[in-house]
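# Remarks on the overall topology
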Amino acid sequence: MSAAQTQKESGEAGWGCLEALGLSQKELVLAEALQMEYDALSRLKQDKGGTASNQASPRVNTQSGAKTVPKQPLPSIERPRPTPSRPIPSPPGGSLLRGLSGSDSSLNQPGGSQSPRPTPARATPTRGGYMKESLYILESAEVSKGGDYSGCSYGDSLVSGSGSLPKGFPPFPDDPPPAIPPRNPIPPSSGLENPFLPPRGSTLPRDVNLFTPDVDQPKVTSELNYDNLNDSLSRLNGDRQVPRGRRANGDQSGKPVARSKTLPPQVPPRTYVPVPKSNKNQRRVSADPVSLGSRMNGFGYELFQVSEERDEEVAGFCHMLDILRSAYPCGERSKNAGFVWSPSVSHEELQQALGVSVKVTVISDHFREPLTFTCDGSSTVDLLIYQTLCYAQDDLDHIDVDDYLLKICGQAEFLNNCQTLAGLEYIQQCLKFDWEIRLFLTKRFSVNTELARTDVDDETASTMNHSILLQERPIRQTVTREALTLLLDTFHNEAESFLLSEVELPLHVERLVQSVKALCSSLAAVETPDVTSALNQLPACPCRLQPKVLKDASVLAVRENREKVVEKLTAAILDLVELYCSTFNANFHTTPQNHRCTAPIQEAGVVTNVLSFSVYAAHRIPITWAASYEGFFLSCSLTHGGAELCAPQHTSKQSVSKYLFHLVVWDQRVSFPVQINQLPRESQLTVTLYATALPPPGGAEEKSKQRRSIEALGWVTMPLFNFRHVLTCGRKLLGLWPSTPGSGNARSSSPNFSQPDSVILQVDFPTSSFEVRFSTPAPADFCPQYDFSRLDTISQIQLQDVLHKKSLFWLTAEDKRLLWEKRAFCQAESGALPLVLASAPRWEWACLPDIYALLRQWACLSHLDALGLLHASFPDQELRRTAVQWMDSISDPELLDFLPQLVQSGDDLRQDMLTLQIIRIMNKIWIQEGLDMRMVIFKCFSTGRGRGMVEMIPHAETLRKIQVEHGVTGSFKDRPLADWLQKHNPTDDQYEKAVENFIYSCAGCCVATYILGICDRHNDNIMLKTSGHMFHIDFGKFLGHAQMFGNIKRDRAPFVFTSDMAYVINGGDKPSSRFHDFVDLCCEAYNLIRKHTHLFLNLLGLMLSCGIPELSDLEDLKYVYDALRPHESEADATMYFTRLIESSLGSVATKLNFFIHNLAQMKFASSEERPVLSFAPRVHTLKSDGLIRNLYVCRHVRTYSPSKGYAFVVKVEREGQQGAVLVQRSFEEFHELHSKLRLIFPSSKLPSFPSRFVIGRSRGEAMADRRKDELNGYVWHLVHAGPEVAQCDLIYTFFHPLPKDEKPGTVVNTLQNKPGAEISWAPVSGKELGEVKLSISYKSDKLFIMVMHIRGLQPLQDGTDPDPYVKLYLLPDPQKTSKRKTKAARRTCNPTYNEMLVYERIPRGDLEQRVIHLRVLGDGPFWENTLLGETFIPLKKLVPGQHWVDWHQLGTAGAESAR
C-alpha cells in the first residue's frame, strides 16, 4: 500500500480528531495546505535529482519487511536514558506510511499512537550528499562522533551518495550532519514489566503535587503553619532528581549536540505513548520529552506532558488537604458512616422544642402494621428504637440498639441514635407545618454505605484535576502537546524551504509568515516583541501589513542573512512556547515542574528600589474596537485591602495596530512612587484598559459639539507577591476581565483565561539573580494596654460614638485617626478589633510587628465578630489565620449558615442562595429570642455553571393563581386570600390556626424583604400555603435595585402588604385587635434584627467581591445599613416601621402592579382550563351529587364573619333524596358564579343577574329583601335552562353543601335541625368602651409615652366607625400647657398609632405625684369632636430606666365639643 493511499484512508478521521486537540478548522486547513505544497515541492526537487539517488538507497526486504537498523537512542519517559548500543528492530512490514505533515500516521488518532505502527527508518546520506527530509539533533555525544547510520526515507525516491548537488543548493560543511532518529511509536508493554518505565526499585523524581503516605507520614497538629508549609514545598522540590532537559554547569548528560548553522533548528519527531493510568502514589502523567531543537547557545527544549496541578498554590492546597484528611481515617465508623445523617438544629432552636409532644409513626419490615408513639421532644432516637423493638421483638436480651437505624421515609437521611428528636431539623419542620412524622426502622448492616471512604481513598493523594477541568477550563482553549508539535513541524518545513529558496522568495516569505501566524494563533494569539522584531526583517506580505518591514528584499538573497532571520525567529517562537506554558493550563511544559533553580533570597523589607514594570501591548483586540474606539491607555493602581497605596499611573494613548493580529502597542515603562520595602505582602496590581469612544457619523460641527466619553473596556488584578511570598518577576500574560455595568468591586485576583476571547495584556517585570521574599515578622515585645476610664470625658464620648458605628465601612479619616491613636484604650471592647485594625495606617513589613502584637494581646473574639476579619479589607494572612482559629469553636449548623461567605462559588443561583441564607439567619435570631415567625425557608443549591436545584414547597399556590379565581381584577379585591384559606381550612379551629400562621409569616416576610430591599415583587413570586404560611420566591432583584417600567420604579411601596392580606388579619374589611398583634410582631422582629446589624453587614460585606451585580459596592451595603437604622432607639424604630406598614397598605401601585402582571400572564394560560369557584375546595358534578330538581332562596340572614352583611339561604332539592338541603351563599358568591358561567357560555344562554350597584346602604335589610327575590328568579331560570347550563359542574359545585354549611351553630345547620328556630347573629352588647396600649418610660428627666394601639371602641350613634385620636395631659396642669395629641386614624374602632409623646424637664422626685390623663376623641366635622373614652394613669408604678407596657381600660364616655 502506498503512502498516498494510507494518507487518503486515514485523513478524514484524522482531521476530525485533530480538531479536538485545540486547533480551529481554519488553522488545520492552513497547515495542511502549506504541507501539501511543501510535499509537492520536495517531490519536484527529487525528480530533478535523477536516478543517482536511487543507487544509494538501502535495501529493503519486501517479503519479510525486515531491514537493518543502525544503533540509535530511544526516546525516553523521564527515566535513566538507555545506552544507545543495541539495535532496535523495526516493526514488520515494509509499507511506507505517510502521516500528517509527512510524519507518523498514528498522529491522526487522538492521543497519539495507541499501538505499534510499521514505520520505516530514514536513510543516512553519504558524505557530500543532501537529505531531503529535516534533520534532527542526536541527544547522545557518542552517536554524534560517528557510526553506522542507515535507514529508509519517506520520499518516493532516495538521495544518492554522489557528491553532485541539485541546482541552487548551497554547499555542505565538511562534517556531515548527524543522522535522524526514526519516527517510531513506542510500543506498549506486553508483560508485567514495562521496559520503557523505571524499575520498581529505582528512585523516581518526586512531584510537588504528590502526597506519598510512606514518605510524608502526615501528622495532625493543632494549627497549620503556613511558613513551614512553604519550607516543606521547598524541601520536596529540592529532593527531586533533576530530569533530562536544561542542565547547568556543563552537564553533558542528555545535552543536544550543537548542530551546523547551515540548517535551522530542527523540530522533533512526533513520537507519543499512551497516557498511563494514575496509581495511588504517583499521580502525574508523563510522556517522552519532545526535543524542539537547539538554540545557538547549545541548550535544548523539551515538552513534558504534565498534570494540570503543577501550580504551586494548588499543590500546597492539596498537600494541606492530605494532612487534614489524615485526622479522619476510614476505619472510624463515627466519622465515616457511609450515608447521610439528618441535619440538626442549633442549641437555641433545640431549647424551643423541648417539652413538646411529638407524634411519630414507625414503619418496618419487621412488623406488619405501622406503630405510632407519642413522646417528648427531649427523647433520644435510640430510646424510640428501643420502644419500637419492644413491640416487635419478644426477646431483647441479645439485641443491640446500635445495630438499628431510623430513616426518614422518602428521603435518604438517617437519624443519629444519640440525637434528641427535638434537635433534628426534620422533626422541627414537621412540627411547624403539622406534617406527619414517618420513620422507617432498618438494620444497620442492610444500609447502603457506598459513600464510605476506603483504604484506597485514604492512601490516594488529593487532586484538583477534576475541579480545574470543570471550573477553570469550561471552554478548552489551550493547545495540546500533539497539536503544537504539528504546527512546529509545519514551521520547520517552511523555514527550511525559505533557507533553501533562491527563486520565488516572496512566496516562501508568505508561507513562512503564515506558519508563524498559525503558531502564534494557537498560542493564545500572542505576538511578542521578539516575534515582531524577527518578522520585521522580512519583506511585506499580504498576511502582515506592518510598515516597519525590510525595505530591500535583496538582502535576503544571501543565505547567511536568511539563516540569521530563521534563527532569530526560531528563538522567539521557543520563548513564546515557554511563556505560553507558564501562563496557561497546557498539558505540557518546556521543563519538568519538579525542577526549580534555587536562587539566593533577599528580604523584601530591605529592598529600597521603586516598583516598576514595562507594559508592551494588549493582544487579541476585537476588530470592533478598532472601529469604535481610539486613544487606548492603561491605568495602573496599587491597592491593599481595596485601599490605594498611591495615585494611579497612566500610559500614553495609542491606537490599534495590525501586525499578525490586532493589538495595541505601548512598550512603555510604568513606575510607582513606592519602594518595595513599603509594599504590604498582599499588595495587588490592578490594570484597567480605557479608550475614548468614537463619535457617530455626522458633520464636523456636530462631532465637535459632542462630548467624548472615556469607557473602561477591561481590567485585571494580580498579587505582587506570589503564593510563596516571592515578588513577581519576568514576563507575564494577563487576561483582562470585561468591564460590565454593575461589576463594581468584583475583582478576581487571577487573570481571565476562562473566556477564549479575552484581551491579553503583556507585562514585563524586572528580573534579578535573587528572590525578593516577604517573610513574616515576629510580634513586637511590648504592646500598651490601658483602662478606658483613664481617658478624658470628651475622648470617651468621641470614642464611644465611633465604636457605635458597628461597621468599618463608614469610618471617616478622623474616626480612623482617633481609633488608632486610642487603640490601647479599646481592648476592653473585644468587638472593636475590626474597627481598630481597619484604622491601621500602613501594613508594610516594618509596621507588622506592632499590629501582630496588638492582635496577640487582644481578647479572643466570638465567631460572629471574627467573621468580620475575613473581609477583603483585611487581606493580611496572619490576621486571617487568627480569625479562623477564633472561629474554630463554631458549631456545624452555624458553619453551614455562613458557608456561602466562607466558600464563594462565582454561579447563577448565588443571589438566591445569599438571600435565603440571610433570611434563614434572621429566622434563627427570632427563634433564639423566643419569637417564631413561622417562616418558610426552602433550599436552593447550585450544581454547576447555570444549573441548580430549588426545593419545591408542597400545598402552596401563588397569589396570582389565588386572586384570578375572582377574575382578572381579583388583585383589587379584598376577599380572595381569606376565601382561599377558608376553602382549605373549613373548620373554625383550622381557619384560626391558618390565620395565625398567616399573621406571623406575613410579618416576617415584611421585615425580611424590607431589610434586604427585595424588589420585583408581584403576585407570581409570593406564595401561600394552605396552612396559612406566606413566603417569597425568586430573589433576582434585591438591595433596592428595583425593576423599572420606563423611568418609574415598579416597586414603589416599602414592601408588599396589601388590603387582601389585611383582610385576612382583621377578619374583615375593618381593623381589628389582631392587626395590633401584626404591627407589634413586625416592630419586635425588626428591632431584634437591628441588634445584629454588624452580623448582617459582615455577611453581605464578605460577598462584595464575589461578582454579584447588585452587591458590588458600598452603596449596596449602605442600603441595608440605612434600612436597619442602628443609630436609632427601639422606640424610634418602632414608629418608623409602623409608618412603613401604613405606607405599604395604602399603596395603590402594588395592586396595579399585580393587575398588570395578571394581564401579562393571561396569554400563557391554557384555553382548556375550566374556571373554578374560589370558595369551593373541590369540583362536584351531576353524576356525583344527583340531578337538582328545584332551587329556592328561602330567606336572608345577618352575618358578621368574615365581614358584616347578609347571606341567603337556598333550599336545594334533588332526585332520589328525601328532604331538602340548605346552603348559605353571599351575594358576592352568587356574582362569582355568574361571572364564571359567562366564561363558558354566551350571555344569551344565561339569565340576567341582579345589579351589584345600589343607591344607599347596601347592607340594609330592605336591600337584602329585594335581592332575595331577584336571586330567586335567577336560580329558577338557572335550573330550568338548557342541560348544558343547568347540569354544568359549576352549578352543581355551587349548590353542594360546603363545610361551613354543615358545622354546628350556623344558621343553616340550626334551620336544618329546628326549622322554626330564629337565630340572631348580632354581637353581644356590653358597656366596655375599649382599651388603650401604652409604653411608658422615664430617662434623663424625660417622660416618654408611646401610644401604641386602641381596641374595642364603640361605633358612633349613626353606626359609622369614628376617626379616633388620642389627647394627653400630664396632671397637675392648671394652665393646660401639657397637652399632647396623636394624629387621627380613619374610620376604625381599633386604631394603631405607635407615636411617641415626650414631656421634658420632669424631675424624678415629681414623678410619683404625676398622673396621665388620656382621652380618646372622634375627629368630627367643623372641629366638633366626640369623646369616645378616657382614663387616668398614675405614674407611681413607673420604675425609672424601665419600660412599662400595658393595656389600660377606657372609662365612661360623654359628649364634648372642643376646638
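Residues numbered from 1 in each chain as written. Predicted model: local features only at pLDDT ≥ 70, side-chain atom pairs only at ≥ 80, totals over all residues. Heavy atoms only, no water.

The next thing to look at is the overall build of the protein chain. Within the protein chain, the regular secondary structure consists of 43 helices and 39 strands. Taking all 1459 residues of the protein chain together, the buried fraction comes to 50%. Carbon and sulfur atoms make up 52% of the accessible area of the protein chain, which totals about 69,500 Å². (Helix = DSSP H or I, 4+ residues; strand = E, 2+ residues; numbered from the N terminus. Buried < 20%, exposed > 50% of the residue type's maximum accessible area, 1.4 Å probe, protein only. Areas by Shrake-Rupley, 256 points an atom, 1.4 Å probe, with all protein chains shown as cover.)

This part covers helix 10 (residues 425–433). Burial in helix 10 covers these residues: Y426, I427, Q428, C430, K432 and F433. In the segment just after helix 10, D434 is the residue with positive phi, at about 55°.

The next point concerns the sheet that holds strand 38 (residues 1426–1434). Taken in spatial order, the four strands make up an open sheet running 35-34-37-38, and their pairing is antiparallel. Of all the strands in the sheet, the pair left with one neighbour each is strand 35 (1380–1381) and strand 38. (Pairing = 2+ DSSP bridges.)

Position of E1229 among the secondary structure elements: in helix 38 (residues 1227–1240). Those residues in contact with E1229, other than ones at most four positions away along the chain, are F1175, Q1224, F1294 and K1300. (Contact = heavy atoms within 4.5 Å.)

Burial within strand 30 (residues 1205–1214) is extensive, with eight of its ten residues counted as buried. Relative to strand 30, strand 29 (residues 1188–1199) is paired through ten bridges, and the arrangement is antiparallel. Of the residues in strand 30, the one forming a bridge with Y1192 is K1211. Bridging between strand 30 and strand 31 (residues 1221–1226) involves six bridges; their strand directions are antiparallel. Bridge pairing in strand 31 places F1208 opposite R1225. Joining the antiparallel neighbours strand 30 and strand 31 is a turn of six residues, in which G1216 adopts a positive phi near 75°.

Moving on, we get to the confidence of the model for the protein chain. When pLDDT is averaged along the protein chain, the result is 76; 71% of the residues meet or exceed 70. A low-confidence stretch, residues 50–227 (pLDDT under 50), is modelled with 343 contacts involving residues beyond four sequence positions or located in other chains. Every residue in residues 232–300 is under pLDDT 50, and counting partners more than four places away or in other chains gives 196 contacts. (pLDDT = per-residue confidence, 0-100.)

Our next topic: the sheet that holds strand 24 (residues 956–958). Here three strands make up an open sheet; going across it, the order is 24-25-26 and the pairing antiparallel. Each having just a single partner strand, strand 24 and strand 26 (1030–1032) make up the two edges of the open sheet. With strand direction ignored, the average angle separating the axes of adjacent strands in the sheet is 30°. As judged from the three bridges shared by strand 24 and strand 25 (residues 1022–1025), these two strands associate in the antiparallel manner. Within strand 25, the residue paired with E957 across the bridge is L1024. Docked against the sheet, helix 30 (residues 988–1011) engages strand 25 and strand 26, running at close to 25° with respect to strand 26. (Axes fitted to C-alpha atoms, helices over the stretch in contact; angles between N-to-C directions.)

Bringing the nonpolar core into the picture now. In this structure, F1057 and F1078 are the most contacted members of the largest nonpolar core, which totals 169 residues. The element that contributes the greatest number of residues to this core is helix 30, accounting for twelve residues. If sequence neighbours within four positions are ignored, F1057 has contacts with C1002, C1006, A1062, I1065, F1075, F1078, I1141, S1144 and L1145. In this structure, L512, A525, C543 and L576 belong to the second largest nonpolar core, which totals 46 residues. (Core = buried A, V, L, I, M, F, W, Y, C linked by side-chain atoms within 4.5 Å.)

A contiguous nonpolar surface patch, about 410 Å² in accessible area, is contributed by L895, L896, L899, L902 and V903. Mapped onto the nonpolar patch, the elements with two or more residues apiece are helix 25 (892–897) and helix 26 (899–902). Among the structural elements, L899 can be located in helix 26. For L899, a relative accessible area of 35% puts it in the partly exposed group. (Patch = residues over 30% accessible without salt bridge, like charges linked within 9 Å, V, L, I, M, F, W, Y side chains within 5 Å. Salt bridge = Lys/Arg side-chain N within 4 Å of Asp/Glu carboxyl O.)

Quick look at the state of the cysteines now. Throughout the structure, instances matching the rule amount to zero disulfides. Looking at the unpaired C1005, the closest cysteine sulfur is the one in C1002, lying at 6.8 Å. On the basis of relative accessibility, which here comes to 5%, the residue C1005 falls in the buried class. (Disulfide = S-S within 2.5 Å.)

Let us look at the pattern of salt bridges. Going through the model one piece at a time under the given rule, you end up with 43 salt bridges. Linking E682 and R681 is a salt bridge whose minimum nitrogen-to-oxygen distance equals 3.0 Å. Across this residue pair, the class does not change: E682 and R681 are buried. Residues E844 and R842 are paired through a salt bridge, measuring 2.5 Å at the closest nitrogen-oxygen approach. Assessed through its relative accessible area of 42%, R842 is described here as partly exposed. Three or more residues are tied together by salt bridges with common partners; here these are E814, R817, E821 and K822.

With that out of the way, let us pick up unusual backbone geometry. Here the residue pair L1371 and P1372 is connected by a cis peptide bond, since its omega of -5° sits within 30 degrees of zero. Structurally, P1372 can be placed in the loop between strand 34 (1364–1371) and strand 35. Backbone geometry at E504 places phi at a positive 50°, although glycine is not the residue there. Not every positive phi belongs to a glycine, and L1039 is a case in point at roughly 60°.

On to the side chain of S807, then. Topologically, S807 is positioned in the loop between helix 19 (793–803) and helix 20 (813–821). If sequence neighbours within four positions are ignored, S807 has contacts with L835 and L1097.

Counting across every chain of the model gives 32 aromatic pairs. Centre to centre, the rings of F1055 and F1137 are 5.4 Å apart; their planes meet at 15°, and the pair counts as stacked. Highlighted residues: F1055 in the loop between strand 28 (1048–1049) and helix 31 (1059–1066) and F1137 in helix 35 (residues 1130–1145), separated in sequence by 82 residues. Neither residue differs from the other here; F1055 and F1137 are each classed as buried. Ring geometry for F1075 against F1078: centres 5.9 Å apart, planes inclined by 40°, an arrangement best described as tilted. Of the two residues, F1075 and F1078 both sit in helix 32 (residues 1073–1090), three residues apart, roughly one turn of that helix. (Phe/Tyr/Trp six-rings, centres within 6.5 Å; stacked < 30°, edge-to-face > 60°.)

Moving on, we get to the environment of L1356. Within the secondary structure, L1356 is located in the loop between strand 33 (1342–1351) and strand 34. Separated by 33 residues in the primary sequence, L1356 and C1389 place their C-alpha atoms 9.7 Å from one another. For L1356, the contacting residues outside a window of four places in its chain are D1361, P1362 and L1428.

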